[in-house]
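# Close look at the chain arrangement
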Amino acid sequence: MKSASHKPIANALPAPAWFVVSALFHYLGPAFAVLLFARVAPLGVAWLRIATSAVLLAAWRRPWRHLARQDVHTRRTIAGLGLAIGGMNACFYLAIDRLPLATVGAIEFIGPISLAAAGLRTPRNRVALALAAAGVALLTRAHLGGSPLGLLFAFANAAMFTLYIVLGHRLAAATHDGSEPVDRLAAAMLVALLPAALLGLLPALPAMASPLLLAAGAGVGVCSSVIPYVCDQFAMARLPRASFALLLSLLPAIACLVGALVLHQFPGPRETLGIGLVAAAVALHRPRAAGSSPHHSREVSPWNTSDSEPPA
């Protein structure tokens, strides 16, 4: 059984709504990062982001309380997720230092689209996947030109992002040790801090003497890691992995809407069509109900707030 203490929080919103909350904060992160890039190297920014999120989550959840009750498999999954988060953050910043953000973002979606394609078995959901992929392609406006090293980091980031989804979903579904998903996430962030420190502590030193840069680093950590990763855990606990992967297509659409509302960067016809395709995909998609077989599935709306569990 799941811990009763986290159920009301996870079920306070429909599963896709956690993506909206996650994305709104996720796209505030680059606003803080702009203050850092001129003074701090990409690996230093990654370390500031991970260090802030690791410290805040550890202070909030105190994940070491549950380690003794977790089995070896769960501990290995926590360690793997931590290493994936550390590598994902480092590769992401090294990639966007060399390539346009749209290109990095488009490559990043290769993993989620592949996971969704592997797990969405009904014709209705395959159509939803096709709509989501087309919408993301229109929204990101990506091309694969540019720095070969930047492309290498971008594809490495995509691989780490895929691993984050797989391992994060396993941790969100692990319920036998009495801990909550965010407790296991907090433990993984402490693991991520170790490789991040080896790679990024020295590049981050210029920020140590500047309260403004430290505040910007904290803003990046809260907006780009703490809130999005916690929201991901709430969504992963409610959705099959393939459904979660497909709903990630909401992120570039929300980024476009945030740009219109905050920066008055209104979408053109191409972006508007992309948003429409993503919205149609989310509306069309139906995750498989708990306990149903792949071939005889009962589909449920992702906006359903009932307390159903995702399939294993």
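Scroll up to find the structure.
The structure contained in this document is the topic of the report that follows. If you're wondering where the values come from, they're calculated on a predicted model, not measured in any experiment. (Residues numbered from 1 in each chain as written. Predicted model: local features only at pLDDT ≥ 70, side-chain atom pairs only at ≥ 80, totals over all residues. Heavy atoms only, no water.)

### Some remarks on a nonpolar patch on the surface
A surface patch of nonpolar side chains, about 370 Å² in accessible area, is lined by Val-20, Leu-24, Phe-25, Leu-28 and Phe-32. A per-element tally of the nonpolar patch places helix H2 (residues 15-26) first, with 3 residues. The partly exposed category is assigned to Phe-25, whose relative accessible area is 32%. (Patch = residues over 30% accessible without salt bridge, like charges linked within 9 Å, V, L, I, M, F, W, Y side chains within 5 Å. Areas by Shrake-Rupley, 256 points an atom, 1.4 Å probe, with all protein chains shown as cover. Salt bridge = Lys/Arg side-chain N within 4 Å of Asp/Glu carboxyl O. Helix = DSSP H or I, 4+ residues; strand = E, 2+ residues; numbered from the N terminus. Buried < 20%, exposed > 50% of the residue type's maximum accessible area, 1.4 Å probe, protein only.)

### Some points on unusual backbone geometry
Of note, the phi angle at Arg-62 is positive, near 45°, even though the residue is not glycine. With respect to the element layout, Arg-62 can be found in the loop between helix H4 (42-61) and helix H5 (72-96).

### So, the packing of aromatic side chains
Aromatic ring pairs are defined here through the distance separating the ring centres and the angle between the ring planes. In total, this model carries 5 aromatic pairs according to the counting rule given. Consider the rings of Phe-161 and Tyr-164, whose centres lie 6.2 Å apart with planes at 10°: the pair is stacked. Here Phe-161 pairs with Tyr-164, and both are found in helix H9 (residues 148-173), just 3 residues apart, close to one helical turn. Put simply, the rings of Phe-37, Phe-92 and Tyr-93 pair up and form one aromatic cluster. Of note, Arg-61 hangs over the ring of Trp-60, and the distance from its end group to the ring centre comes to 4.8 Å. (Phe/Tyr/Trp six-rings, centres within 6.5 Å; stacked < 30°, edge-to-face > 60°. Lys NZ or Arg CZ within 6 Å of the ring centre and 35° of its normal.)

### Here we look at helix H10 (residues 181-208)
For H10, which comprises 28 residues, the first-to-last C-alpha distance of 32 Å sits more than 12% below the rise-based estimate of 40 Å (1.5 Å per residue). Leu-201 marks where H10 bends most, by close to 60°; the proline Pro-203 follows one to four residues later. (Expected span 1.5 Å × (residues − 1). Bend = angle between axes of the 7 residues up to and from the residue.)

### Here's the deal with the nonpolar core
Membership of the largest hydrophobic core comes to 84 residues, with the highest contact counts inside it found for Phe-19, Leu-36, Ile-85, Tyr-164, Met-189, Leu-246 and Leu-248. Looking at which element gives the most residues to this core, the answer is H9, with 11 residues. Excluding residues within four positions of it along the chain, Tyr-164 makes contact with Leu-81, Ala-84, Ile-85, Met-88, His-169, Tyr-229, Asp-232 and Met-236. (Core = buried A, V, L, I, M, F, W, Y, C linked by side-chain atoms within 4.5 Å. Contact = heavy atoms within 4.5 Å.)

Purely geometric stuff here, so don't read any function into it on its own.
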